[in-house]
Amino acid sequence: MLEKAIVLAGCAVGAGLALIAGIGPGIGEGYAVGKACEAIGRQPECKGDVTQTMLLGCAIAETTGIYGFVTGLLLLFVGPIYLGGFLG
Amino acid sequence: MNIEINGAPILFTLPWFGGINITATLVNSWVIVAVLIGLCYWLTRGLKVRDVSKKQLVAEFLVETIQNFVDTNMGKKFSHYGPFIAAIFSLSACSSLISLIGQWAPTADLSTELGWALLVFGLITATKIRTGGLGGYALGFTKPIAVLTPFNIISELATPISMAFRHFGNIVSGGVINTLIYASLALASHGILNLLFGWLPGAAGEVVRSIPFLQVGIPAVLSVYFDLFSSFMQAFIFCMLTMLYIASAAEE
């Protein structure tokens, strides 16, 4: 019983910790969008190209955050089932 | 209050090989493929050179848009990739948009995206081998110095994984946030109504207090971002990355 409680608590705390990964992409994407705004302000005629490149860069910067999110999902929904069966 | 976040629901089980589960992912994917094929068939019937119909104008607009998109991003040399990119884009966008009519989105299942990403990975590898030959492909891992070979192999393998997880994570996180907000709005409206109409006695009071009035409207606004915008965004990004990876694979 205690083992299961420890595993469940560990999974929940781990999921919370995994979502700290959201900070990095947040800062990074904000920086990228800010720079894109500067570029559009300087050269409004290349708005389309800048926006397209910015969206692509944001998507790539987002990857680490997505990894954190998937880890959190695994810890919340898969971890307890797997580890619960492991402990019996 | 209970919040349920589940994987793909299993619709029925085939009896062979000890039971093959047919999930909503599979069924909805086939429905989308059938609808898209039907749409293509219907759009391309009765094409004319003079006095074209509205239907043909729409079809020409779609083909030209995708073809221009591919030509500008990959160059004229790769214009034969147009149909492939169009197929992936329409499949991805429709698979995510099907959640707007209350169906299970196939893109909320990692298997779907992993399949597409592995297909793209195969194309990238094939393009690399065709450009530099098998030896050139193998030697490409030792650049710029031989010590970096293991890292190059890891980064090569990370390409399909990151592509699949990016698309999957975006769609699923939208769904999770929608579910959480839906549940919390029910809780909030229950609390507010309890405060306002707590004095109403009997069954009438129960009915009035159980109306989740905050759930009207607010989830729809969020759904515009998470379902509509995010669907097109992810389809666009997936296609964009596919084109960039394939074009850069041929550049060595």
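Our structure is the block above this text.
Residues numbered from 1 in each chain as written. Chains lettered and ligands numbered in written order. Predicted model: local features only at pLDDT ≥ 70, side-chain atom pairs only at ≥ 80, totals over all residues. Heavy atoms only, no water.

Attention shifts here to the interface of chain A and chain B. Listed by partner, the interface residues are 13 residues for chain A and 20 residues for chain B. When residues of the side of chain A that touches chain B are traced back to their parent elements, those giving at least two are helix H3 (47-61) and helix H4 (63-87) of chain A. The greatest single-element share of the side of chain A that touches chain B, amounting to 7 residues, is contributed by H4(A). (Contact = heavy atoms within 4.5 Å. Helix = DSSP H or I, 4+ residues; strand = E, 2+ residues; numbered from the N terminus.)

The subject of this paragraph is the packing of aromatic side chains. Residues and elements named next belong to chain B. Counting across every chain of the model gives 9 aromatic pairs over all chains. Measuring from ring centre to ring centre gives 6.0 Å for Trp 116 and Phe 238, while their planes differ by 70 degrees; the resulting arrangement is edge-to-face. Placement of Trp 116 in helix H4 (residues 110-139) and of Phe 238 in helix H7 (residues 218-249) is noted, with a sequence separation of 122 residues between them. Among the residues examined, Phe 238 registers a relative accessible area of 3% and is labelled buried. Between Phe 165 and Phe 168 the ring centres are 6.4 Å apart and the planes differ by 70 degrees, which places this aromatic pair in the edge-to-face class. Linking Phe 165 with Phe 168, this pair stays in helix H5 (residues 149-197), spanning 3 residues, or about one helical turn. Using a relative accessible area of 19% as the deciding quantity, one classes Phe 165 as buried. Classification of Phe 168 by relative accessible area gives buried; the value is 12%. (Phe/Tyr/Trp six-rings, centres within 6.5 Å; stacked < 30°, edge-to-face > 60°. Buried < 20%, exposed > 50% of the residue type's maximum accessible area, 1.4 Å probe, protein only.)

Here we take up the layout of surface pockets. Its volume calculated, the largest pocket comes out at about 980 Å³. If you list the elements that add at least two residues to the lining of the largest pocket, you get H4 of chain A together with helix H1 (24-43), H5 and H7 of chain B. With 9 residues, H5(B) is the single largest residue contributor to the lining of the largest pocket. In terms of residue class, the lining of the largest pocket is built from 20 nonpolar, 12 polar and 2 charged. (1 Å grid on protein atoms, 1.4 Å probe; cavity = no way out; pocket = protein on both sides within 12 Å on 5 of 7 lines; lining within 4 Å. Points joined across faces, edges and corners; volume = space filled by probe spheres on them. Nonpolar A, V, L, I, M, F, W, Y, C, P; charged D, E, K, R; others polar.)

Taking a probe equal in size to a water molecule and rolling it over the atoms shows the remaining empty space. Residues and elements named next belong to chain B. Inspection of the entire model under this criterion finds 1 cavity of 30 Å³ or more. As a volume, the largest cavity reaches approximately 30 Å³. In terms of lining, the largest cavity is formed by Met 163, Arg 166, His 167, Gln 234, Ile 237, Phe 238 and Leu 241. Broken down by secondary-structure element, the contributors of at least two residues to the lining of the largest cavity are H5 and H7. Among the elements that make up the lining of the largest cavity, the one with the highest residue count is H7 (4 residues). Here the lining of the largest cavity is composed, by residue class, of 4 nonpolar, 2 polar and 1 charged.

Residue and element names in this part refer to chain B. Alignment of strand E1 (residues 10-14) against strand E2 (residues 20-23), held across 4 bridges, turns out to be antiparallel. Bridge pairing in E2 links Phe 12 to Ile 22. What sits between E1 and E2 in their antiparallel hairpin is a turn of 5 residues, with Phe 17 showing a positive phi close to 50 degrees. (Pairing = 2+ DSSP bridges.)

All we've got here are geometric facts, nothing functional implied.
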